[in-house]
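Below, each chain spelled out in residue letters.
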Amino acid sequence: MKRFAAVTLAALMLLTVFASAASAADSVEIRGPVFNGSNIDDIVGDGVTIDATQFAAFYYDIDDNVTTETLSIKNVSGNSGNVIGEGGIVYSTTIQQVDYEYEKPSLGWDNYSLLGFFADKYIPLKSNSADKLAKLVLDSDDKYTVRTGETLDLGQGYSLQAKQVDVDGEKVWLEFDKDGEYVDDEIIDVGTGDSTWDVELDDIQDEDDVVVLKVHVNQVFQGAVDSIAQIEGIWLIDYANAIKIESDDEFGDLNDVSINGDTLNITNEDTFTLTRDSINELAEGLSFKVADTPSNVLRFYLAKEITEPGTYEVRGSVASGEASWDASNFAGFYYDLNDNVETESLSVSDLDGNVIGDGGLVYQTSIKEVAYEYENDDLGWEQYPVIGFFAEEYIPLKANSADKLAKLVLDSDDKYTVRTGETLDLGQGYSLQAKQVDVDGEKVWLEFDKDGEYVDDEIIDVGTGDSTWDVELDDIQDEDDVVVLKVHVNQVFQGAVDSIAQIEGIWLIDYANAMKIESDDEFGELDDVSISGDTLKISNSDTFTLTRDSDQEIAEGMSFKIADTSASDLRYYPFVERTAGNETTNVTGPSVGGNVTVGENVTTPTDNVTTPETPEDLNATTPEATTPEEPTEATNATGEEKEDSPGFGVVLGLVGLLGVVYLVRRNN
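Calculation rules
Residues numbered from 1 in each chain as written. Predicted model: local features only at pLDDT ≥ 70, side-chain atom pairs only at ≥ 80, totals over all residues. Heavy atoms only, no water. Helix = DSSP H or I, 4+ residues; strand = E, 2+ residues; numbered from the N terminus. Buried < 20%, exposed > 50% of the residue type's maximum accessible area, 1.4 Å probe, protein only. Contact = heavy atoms within 4.5 Å. Pairing = 2+ DSSP bridges. Axes fitted to C-alpha atoms, helices over the stretch in contact; angles between N-to-C directions. Patch = residues over 30% accessible without salt bridge, like charges linked within 9 Å, V, L, I, M, F, W, Y side chains within 5 Å. Areas by Shrake-Rupley, 256 points an atom, 1.4 Å probe, with all protein chains shown as cover. Salt bridge = Lys/Arg side-chain N within 4 Å of Asp/Glu carboxyl O. Lys, Arg positive; Asp, Glu negative; His and termini not counted. Charge placed at Lys NZ, Arg CZ, Asp CG, Glu CD.

Participant: I tried to follow unusual backbone geometry on my own but got confused; where do I start?
Facilitator: Most of the time, phi is negative for any residue but glycine, and the peptide bond is trans. In this model, Ala119 sits at a positive phi of 70°, which is unusual for a non-glycine residue. Relative to the elements of secondary structure, Ala119 occurs in the loop between strand 9 (109-117) and strand 10 (120-126). By relative accessible area, which is 7% here, Ala119 ends up buried. For Glu284, which is not a glycine, the phi torsion comes out positive at approximately 50°. The topology assignment puts Glu284 in the loop between strand 23 (278-283) and strand 24 (286-290).

Participant: Where do I start with the environment of Ser258 in this structure?
Facilitator: Tracing the backbone shows Ser258 in strand 20 (residues 256-260). Exposure remark for Ser258: the relative accessible area of 37% places this residue in the partly exposed category. When the C-alpha atoms of Ser258 and Glu246 are compared, they prove to be 8.2 Å apart, with 12 residues separating the residues in sequence.

Participant: Help me understand the environment of Ile259, please; the structure alone is not making it clear to me.
Facilitator: Assignment of secondary structure puts Ile259 in strand 20. Given a relative accessible area of 32%, Ile259 falls into the partly exposed group. In this structure the C-alpha to C-alpha distance between Ile259 and Ser129, which are 130 residues apart in sequence, comes to 8.4 Å. Residues within four places of Ile259 in sequence aside, it is in contact with Ala130, Asp131, Ile245 and Leu264.

Participant: Looking at this structure, how should I read the sheet that holds strand 2 (residues 48-51)?
Facilitator: Through backbone hydrogen bonds, the strands of a sheet pair up, either in parallel or in antiparallel fashion. Spatially, 5 strands are ordered 2-5-7-21-20 in an open sheet, and the strand pairing comes out antiparallel. Edge positions in the open sheet fall to strand 2 and strand 20, since each of these has one partner strand only. Ignoring strand direction, the axes of neighbouring strands in this sheet form an average angle of 15°. Bridging between strand 2 and strand 5 (residues 69-73) involves 4 bridges; their strand directions are antiparallel. The partner of Ile50 across the bridge, within strand 5, is Leu71.

Participant: When you look at a negative patch on the surface in this model, what are you seeing that I'm missing?
Facilitator: A grouping of Asp277, Asp292, Asp339, Glu373, Glu375, Asp377, Asp378, Glu382, Asp413 and Asp414 is seen on the molecular surface, where their side chains present a negatively charged patch. Mapped by element, the contributors of at least two residues to the negative patch are strand 34 (368-376) and strand 37 (401-419). Along the polypeptide, Asp339 turns up in the loop between strand 28 (335-336) and strand 29 (341-342). The class for Asp339 is partly exposed, based on a relative accessible area of 30%.

Participant: Help me out: how do you make sense of the pattern of salt bridges in this one?
Facilitator: Where side chains of opposite charge bring their charged atoms close, a pairing between them can arise. Under the definition given, this model contains 23 salt bridges. Between Lys304 and Asp120 there is a salt bridge, with the nearest N and O atoms lying 3.4 Å from each other. One end of the pair, Lys304, is in strand 25 (residues 298-306); the other, Asp120, is in strand 10, with 184 residues separating them in the sequence. Looking at Asp120, the relative accessible area reads 27%, which means it is partly exposed. Residue Glu313 pairs with Lys561 through a salt bridge whose shortest N-O separation is 3.2 Å. In this pair, Glu313 sits in strand 26 (residues 310-315) while Lys561 sits in strand 50 (residues 558-562), placing the two residues 248 residues apart along the sequence. Through salt bridges with shared partners, a single ionic network connects Asp120, Lys135 and Lys304.

Participant: Quick question: what am I supposed to make of the pairing of strand 37 here?
Facilitator: On any regular strand, side chains alternate: one points to one face of the sheet, the next to the other face. Of all the 19 residues making up strand 37, 15 are buried; the element is thus mostly covered by neighbouring parts of the structure. Across 4 bridges, the pairing between strand 36 (residues 392-398) and strand 37 is antiparallel. Bridge assignment links Pro396 to a residue of strand 37, and that residue is Leu405. Linkage of strand 36 to strand 37, two consecutive antiparallel strands, is achieved through a turn of 2 residues. Note that strand 37 and strand 45 (residues 515-516) share 2 bridges and pair antiparallel. Bridging from a neighbouring strand, Lys404 pairs with Lys516 of strand 45. Note that strand 37 and strand 44 (residues 499-509) share 9 bridges and pair antiparallel. Bridged to Asp411 within strand 44 is Trp507.

The following block contains the structure:
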C-alpha cells in the first residue's frame, strides 16, 4: 500500500512539474466552408473548389476583386470513405497584379505582382514567375513622422533611419538597415518631385535588380528645434528570407510540385485520410478539421490557425447584391463542428443601388443545444443551450428564452492540477481556489471567487462518484437557480508533501455581466427588436447605406466592408475582428499589415484566461495562458524570461521525487 502511495505521489508530482510548462498559444482559427455528407464521394461529387471568396485566409483584394489561391478536392479513383485518393487534393495559386496602398502612378506607385502562398502574401522576385518568392512585410499609405537620428521599425528586423536633413529643408538622407546592419542609403530630394526611393538589391535567390523596398518621402522640415522627414508610402519584402520552390519540394502532405510560369500547382502523391475528431495538417499551416461523427457521416472544413500577434478580419463570403450569410459562409458566426450546430444568420434584401431599405437588413439567432467539451452523461455533462449573438458565444439564462444572456467564458475538458492554497484563474475575474483536502484524500474543499471576492464554496467528495459541483446563483437578471459554473473534480490526493485536486471539466458563464434584451433596445444600426421564445430577430427601422470604399458598422462589432467601385457596381462582405496574442505596435507607427483577412469560428472560449502572477500559482495549469509559442524551461507562466535556474514548480517536484525514493527504499 505504501509502495502504491509512493508511486501515486510520483505520478502526481510529475503532473505538477510539467503542468507549469503546459499552455496553449493564443490564436485565431481561420475557417472555410463546411462540407457534410456520408463519405468523401458524396461530398466531392464532380469536384469542389475553395477560393478566397469562401475561405478568408486566402488573399483577397476587395477593391480590385483579385484572388490568387484555390484548393480543390477532385473526383479521383482513390476516393473512398474518409480517404482522398492520390492527386485528389490540388492547391493552386497564380500571380496577380494589385494596387499599392499608396497609389501614385506618376511616381511609380501603380501596381505590383503578388502571389498568395498557403494563405500568406508573397511577392515574386520575377513578376511572371512563381518559383522565387519573398513574403510581403509592409504595404502602407500611413503617414510616419521621423526625426533625424530616429529609427522607424518596419518589422521583421528591417528599419529606416533618418540620418540628416539639409539646411534648406528639401532633402533627407535615409538609411535602410536589416537587424541593425547597413543595407543601403539615399539622399531624397523632395523639391524635385521624384521623392520615391526604390531600394534595388542583387543576388536575391540569384536574381539581380530586385526592388525590396519602396519609400515615398512626403515632406521634409528643417526647424529651429527638430529636423523632420514625413514618410507616406512604404512597401517592403522580406528579401533576406526569400525562397526558391523546386519541383522536388514537399509541403506537408502536398508533395507533387508543378511550376508553369506565373502558376504554381501542388498535389498529394499519396492518399490523405480525414481522420475523425482530429485536425489533419495538410501543408504550411493549412489543415482539415474533421468532426467526431460515426463512420456513415463525414463533416469537415479547411482551416488555418493564426498565432502571430495582431488583429485580423473574420469575413464572410463576398456579395454583389442582395445576399444572406450563416455559419456556412460567414466564419465569424458561431459554429459547432461536432454537433453541426449554428444559430446565426444575416440577410440583405430590398437593396436599391447601395441603399438597404427599411427592414431589409435582418440579423437573427436562435437557441440550440450543444455537447459540453467534457462529455460525461452520467455526471450531468450532456448538453447545454447556446446562442450566437453578433458572432460571440452566449448562454441563455433560461433554456428556451433568448431575452436574457450571459457570455460563455470557459468550456474545457483539459486537466488542471491545483494544490491547496493555489488559485486557478478562469478568466474575466473568475477563479477557483483549492482550500483543503481531507486526510483520507477523497474530498476537496473548493471556493469560487469573482474579482477576489467570495461567491460560493463546496466540499466535493470524489469517492462517492458524484464529483461535479454545479454553482447555482439567484437574482441573475431576476432569474433564480442559474447554473453559472460546473466543475468536475477527477482526483484528490493527500500526500506527504502536497495536497492536490485534479480538475477535468470546467464550464463557466460571465453571470456578473449578464444582459437583458428588450424590444426597445438598439444595436448600432439594428434597432427593431423582436423576441419570440428561443429566437431573437433584429432589423433596421431606417435605411442603411453601403457607402463605397468604407467600413460600415452594423452592430456590436460586426461591420460591412464595401469596395471602392464605380456607382454602377457594388461589392461587399460582412466581418468581425479577432485578436491573436498580445498585439504590439512599433515605436513610431508602422505595423505588419496589408489586407490579410482572416475567417474564423472562435471555438476556444478561453481567449481571456490569464495566468497566475504569484510564485505559488505557477503550478496551477490555466485554461489558456499567453506564453511564447515554444515554451521552454526558462519561461515562467507570465511569458517573461527567468534566470537559468529551476522554476518553483520544478524544485517542489524534485523534492517530492526525492521523498518518493526515500519511501521506496525504506520499505524495501
